[in-house]
Amino acid sequence: INLKQHGCVVHFQCLVDGVVKSVNGIEEIEAMESVLEMEVYESFGVGEVVKKTLTIMNDAGWAVLIGEKDVVERDYRRIVELMSEMFETEEEMEM
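Here's what I pulled together on the structure shown here. (Residues numbered from 1 in each chain as written. Predicted model: local features only at pLDDT ≥ 70, side-chain atom pairs only at ≥ 80, totals over all residues. Heavy atoms only, no water.)

Describing the environment of Ile26
Okay, so step 1: Looking at the element boundaries, Ile26 is found in helix H1 (residues 26-30).
Okay, so step 2: For Ile26, a relative accessible area of 14% gives the class buried.
Okay, so step 3: Separated by 16 residues in the primary sequence, Ile26 and Val10 have C-alpha atoms spaced 13 Å apart.
Okay, so step 4: Dropping the residues within four chain positions of it, Ile26 is found in contact with Met38, Val40 and Met86. (Helix = DSSP H or I, 4+ residues; strand = E, 2+ residues; numbered from the N terminus. Buried < 20%, exposed > 50% of the residue type's maximum accessible area, 1.4 Å probe, protein only. Contact = heavy atoms within 4.5 Å.)

What follows is the structure, given as structure tokens:
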């Protein structure tokens, strides 16, 4: 029996500051062949004030990918592409 699989954990980056208006691409990521599990943290939901991800300590969530090497690599590359527009924000209003 050959149980060898390829896998990785992708940490979602928030590339913008502001108040989240929408979170995009989640349905596409959930439907990917290699995605076993994923989560976008509640603190990055619509209406939340967010800052750009600078370290793993303030990433926006994660996805676990597992499967054949080419499938994992394809899905990984697409997730990285989606991260560029994952969080749409507007400027935080000053009080």
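Description of the side chain of Ser34
Okay, so step 1: Structurally, Ser34 is set in the loop between H1 and strand E3 (35-40).
Okay, so step 2: Ser34 sits in the buried class, given a relative accessible area of 1%.
Okay, so step 3: Separated by 2.7 Å, the side chains of Ser34 and Asp75 make a polar contact.
Okay, so step 4: Residues in contact with Ser34, not counting those within four places in the same chain, are Val64, Leu65, Ile66, Val71, Val72 and Asp75. (Polar contact = N/O pair within 3.5 Å; in protein donor to acceptor, adjacent residues only side chain to side chain.)

Quick notes on the sheet that holds strand E1 (residues 6-12)
Okay, so step 1: With antiparallel pairing, three strands are arranged side by side in an open sheet as E1-E5-E3. Unpaired on one side and paired on the other, E1 and E3 mark the two borders of the sheet. Here the strands of the sheet are splayed against their neighbours by 10° on average, with no regard to which way each runs.
Okay, so step 2: Pairing of E1 with strand E5 (residues 61-67), which is carried by seven bridges, proceeds in the antiparallel orientation. Its bridge partner being in E5, Val9 is matched across the sheet by Val64.
Okay, so step 3: Contacting E1, E3 and E5, helix H2 (residues 69-83) crosses the sheet at an angle of about 5° to E1. (Pairing = 2+ DSSP bridges. Axes fitted to C-alpha atoms, helices over the stretch in contact; angles between N-to-C directions.)

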